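Commentary on secondary and tertiary structure
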Amino acid sequence: MKVVNQLAVVDAEKCRGCKTCERICPVLAIKMENRKAVVDNERCRGCANCEQRCPDYAIKMVKLEQPVLVKVDVSAVDYALVEDLCRRAKFNPEQLICYCTATRAEEVAAAILQGARSPEEISFLTGVRTGCKVECIQPVLRLLEAAGIKPEPPKGGWQWYGRTVTVWEIPEEVKKKYASRGFYFDEDIKILDRVANAPVQERSDS
């Protein structure tokens, strides 16, 4: 969930069509037309990634007169399915997976169950990945993977930081190698399993 309160605006005179903004937009809201960047205002989630990365300072963020709330209604989906998907991805449904936007695993799971098939679609629907744009790609990819979906990064883009190994996937030989150096992977797994498997709070929509 995110409250969008700003919008990217391109200064066409400064824009030289380098495509940096198009490649790093987490919701694919920017396209090139006649070698100039054009923002789709309906898709923009105000993350300011384009403004921060533009080498020609051709983009600025403008405050919206009326903020827009972006969220997926979790109650519109069978919560048993939401919970099952989250648990398979080793998340507690109520676990925050995007700290910048306070988006929980259950909302991303609901977006997937409603048809979202890529991180970009999920970001557009929930606002996840529109804060720092770095950390939450991992849980999004894990939830998609748990749903049997293996999306490909956008053609010509570099929005993704890729899927990294989780503590559950570390080989036994690696655990043994680093056990003498103060790494206690099995203890970490026990704690994380407790978090992932903890019961959810009683839902008001149930």
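Residues numbered from 1 in each chain as written. Predicted model: local features only at pLDDT ≥ 70, side-chain atom pairs only at ≥ 80, totals over all residues. Heavy atoms only, no water.

As annotated in an unreviewed UniProt entry, the chain carries the name BFD-like [2Fe-2S] binding domain-containing protein and is attributed to Desulforamulus putei DSM 12395.

A closer look at the overall build of the chain
Counting secondary structure elements, the chain contains 8 helices and 6 strands. Element order for the chain, N to C, with α for helix and β for strand: β-α-β-β-α-β-α-β-β-α-α-α-α-α. Counting only C-alpha atoms, the chain reaches 55 × 45 × 25 Å along its principal axes. When the 206 residues of the chain are sorted by exposure, 42% land in the buried category. (Helix = DSSP H or I, 4+ residues; strand = E, 2+ residues; numbered from the N terminus. Buried < 20%, exposed > 50% of the residue type's maximum accessible area, 1.4 Å probe, protein only.)

Focus: the domain arrangement of the chain
Domain boundaries assigned for the chain yield domain 1 (2-68), domain 2 (74-164) and domain 3 (165-200). On a C-alpha basis, the centroid separation for the pair domain 2 and domain 3 is 22 Å. Facing 11 residues of domain 2, the contacting portion of domain 3 comprises 11 residues. Contact between domain 2 and domain 3 buries roughly 880 Å² in total, counting both sides, with carbon and sulfur atoms accounting for 51%. Put simply, domain 2 and domain 3 have 1 salt bridge between them. With a closest N to O distance of 2.8 Å, arginine 163 and glutamate 169 form a salt bridge. On the surface where domain 2 and domain 3 come into contact, there are 5 residue pairs in polar contact (both at pLDDT 80 or more). (Domains from an automatic or database assignment. Contact = heavy atoms within 4.5 Å. Buried area = accessible area lost by both parts, 1.4 Å probe. Salt bridge = Lys/Arg side-chain N within 4 Å of Asp/Glu carboxyl O. Polar contact = N/O pair within 3.5 Å; in protein donor to acceptor, adjacent residues only side chain to side chain.)

Quick notes on the packing of helix H4 (residues 105-113) against helix H5 (residues 119-126)
The axes of two packed helices give the description: the angle between them and the distance between them. Contact geometry of H4 with H5 gives a least axis separation of 10 Å together with a crossing angle of 115 degrees. As for the relative orientation of H4 and H5, their crossing is right-handed in sense. In this structure, H4 uses Glu107, Val108, Ala111 and Ile112 to contact H5, whose residues at the interface are Ile122, Leu125 and Thr126. Taken together, the residues of the contact of H4 with H5 sort by class into 5 nonpolar, 1 polar and 1 charged. (Axes fitted to C-alpha atoms, helices over the stretch in contact; angles between N-to-C directions. Left-handed = near helix turned anticlockwise from the far one by under 90°. Nonpolar A, V, L, I, M, F, W, Y, C, P; charged D, E, K, R; others polar.)

Concerning the pattern of salt bridges
Applying the stated criterion across every chain yields a total of 9 salt bridges. Note that arginine 163 is salt-bridged to glutamate 145, the shortest N-O span being 3.2 Å. On the criterion of sequence distance, the pair formed by arginine 163 in the loop between helix H6 (137-146) and helix H7 (172-179) and glutamate 145 in helix H6 is long-range, its members being 18 residues apart. Its relative accessible area of 30% is what places arginine 163 among the partly exposed residues. Among the residues examined, glutamate 145 registers a relative accessible area of 40% and is labelled partly exposed. Between lysine 190 and glutamate 187 there is a salt bridge whose closest N-O contact spans 3.6 Å. You can see lysine 190 and its partner glutamate 187 sitting in helix H8 (residues 185-197), 3 residues apart, about one turn around the helix. In the salt-bridge network here, residues are joined through shared partners; they are Glu145, Arg163 and Glu169.

Overview of empty space enclosed by the protein
Inspection of every chain in the model, using the stated rule, returns 2 cavities of 30 Å³ or more. Size it by volume and the largest cavity reaches roughly 90 Å³. Grouping the constituent residues of the lining of the largest cavity by class yields 10 nonpolar, 2 polar and 3 charged. Its volume calculated, the second largest cavity comes out at about 80 Å³. Residue lining of the second largest cavity: 14 residues in total, with Cys25, Cys44, Arg45, Cys47 and Cys50 positioned closest to the centre. Of the residues belonging to the lining of the second largest cavity, the class tally is 11 nonpolar, 2 polar and 1 charged. (1 Å grid on protein atoms, 1.4 Å probe; cavity = no way out; pocket = protein on both sides within 12 Å on 5 of 7 lines; lining within 4 Å. Points joined across faces, edges and corners; volume = space filled by probe spheres on them.)

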